[in-house]
Amino acid sequence: MPTSFNQSVIEEFRANGGKVGGPFEGGDLLLLTTTGARSGKETTTPLGHVRHGDSLLIVGSNFGAPTHPDWYHNLLAHPVVRVEVGTRTFQALAVPAEGARREELFAHAVEAAPGYGDYQARTTRSLPVVVLERAEPDGWEGPREVNSLADKVMEVHAWLRGQLRQVKAEADAHFIARAAHPGPGEPPAPSLGLRIRQRCLAFCQALEFHHAGEDAHLFPGIARHHPHLTDTFARLADEHRTVARIQGELAALLAGIGITEPERFHSELARMSTELNAHLDYEEEQILPLLADVPWPPVPPVPPAPRE
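Just so we're clear, the structure is a prediction, and the values are computed from it rather than from any experiment.

A. Representation of the side chain of threonine 232. Tracing the sequence through the fold places threonine 232 in helix α7 (residues 230-255). Those residues in contact with threonine 232 that lie beyond four places of it in its chain are Tyr282 and Gln286.

B. Molecular detail of the sheet that holds strand β4 (residues 55-59). Across the sheet, seven strands lie side by side as β2-β1-β5-β6-β7-β4-β3; this open sheet has antiparallel pairing. Edge strands, defined here as strands with exactly one partner in the open sheet, are β2 (42-48) and β3 (50-52). Strand-to-strand twist in this sheet, taken as the mean axis angle between neighbours without regard to direction, amounts to 35°. As paired strands, strand β5 (residues 80-85) and strand β6 (residues 88-96) are joined by six bridges and run antiparallel to one another. Note that in β6 the partner of arginine 82 across the bridge is glutamine 91. Helix α3 (residues 99-112) contacts β3, β4 and β7 (129-134) of the sheet and is inclined by roughly 125° relative to β3.

C. Spotlight on the environment of glutamate 111. Locating glutamate 111 in the fold gives a position in helix α3. Taking the C-alpha atoms as reference, glutamate 111 lies 9.8 Å from valine 50; in sequence the two are 61 residues apart.

D. Molecular detail of helix α2 (residues 70-77). Turning to α2, its buried residues number three or more, namely Trp71, Tyr72, Asn74 and Leu75. Along the long axis of α2, the arc covered by the buried residues comes to 160°, so they all point the same way.

Reading the values: the criteria
Sequence order as written defines residue numbering, which begins from 1 separately in each chain. This being a predicted model, a pLDDT of at least 70 is required before a residue's local features are given, and a value of 80 or more before pairs of side-chain atoms are given or counted; all residues contribute to the totals for chains, interfaces and linings. Processing note: side-chain calculations cover all non-hydrogen atoms of the structure and skip hydrogens and water entirely. For the purposes of this entry, the term helix denotes a DSSP run of H or I that reaches at least four residues, the term strand denotes a run of E that reaches at least two, and both are numbered from the N terminus. Contact definition: two residues touch when any of their heavy atoms are within 4.5 Å. Strand pairing requires that DSSP identify at least two bridges connecting the strands. Only C-alpha atoms enter the line fits that serve as axes; for helices the fit covers just the stretch in contact. Angles between N-to-C directions range over 0 to 180 degrees. Relative accessibility thresholds used throughout: buried, under 20% of the residue-type maximum; exposed, over 50%; partly exposed, between the two (1.4 Å probe, protein chains only). An arc is given here, and it is the one of the directions from the helix axis to the C-beta atoms.

Take a look at the structure:
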């Protein structure tokens, strides 16, 4: 099967520390890996990017076509993406800009790369401008060392707690701005709406993945060696279902954050925070002592010695 043009660019990019020739020579290129909105499969796309302070901007130009590119639909469904720039690879939270901020960032992108203006002129749709932000919550440092499976679980728990705090902080900022809208007429569209949605979606998907891994692998493995903890694992699984239900309710609120009543949103978020933190506390109390001596990363099995 012949190598596609995109795949040849990806291979050249990775082989030469982010530098490529041909039509992209000398340009600011990155590799964006997204998770398919429907397929769930990873797809890597070479894209031009523009720097804006400490952030990276990508534009859903699709060469001026009437529809958004596939990678844009993917990141709306799965906002945590993998980015390769030069020799660096990192996770990022993909947040489409909205309203006045989108206009400001698009103008900056056109100034840096005028071709985006040409693409916009070819289509009636507004070209999305996506900001690639840190996937970690603000102030995140993580544990200093991860040597055991207990350390790894604590790292995941700390990340989840930090994400939930940041969702709350950003939602608070949105509601304060909405309440401050002066004069008659409709309030402006929520400038933090998509940012809150993407952050919350990233949190919910990470939590779902974490719980699914525990239910399918971690807990059954421990239970085989500690049958006296059957009731503990049953309680944890039940709490997983409760948290999943609250996630669904919170996602429904976020979908209409422009009209959601602040009191209801805060009530739902507070309820989820209380139940999630209580669940994590209980899990840490019951499970972590059993994982303290399990090395992380896992030690590969030693192959048997060859027979003489």
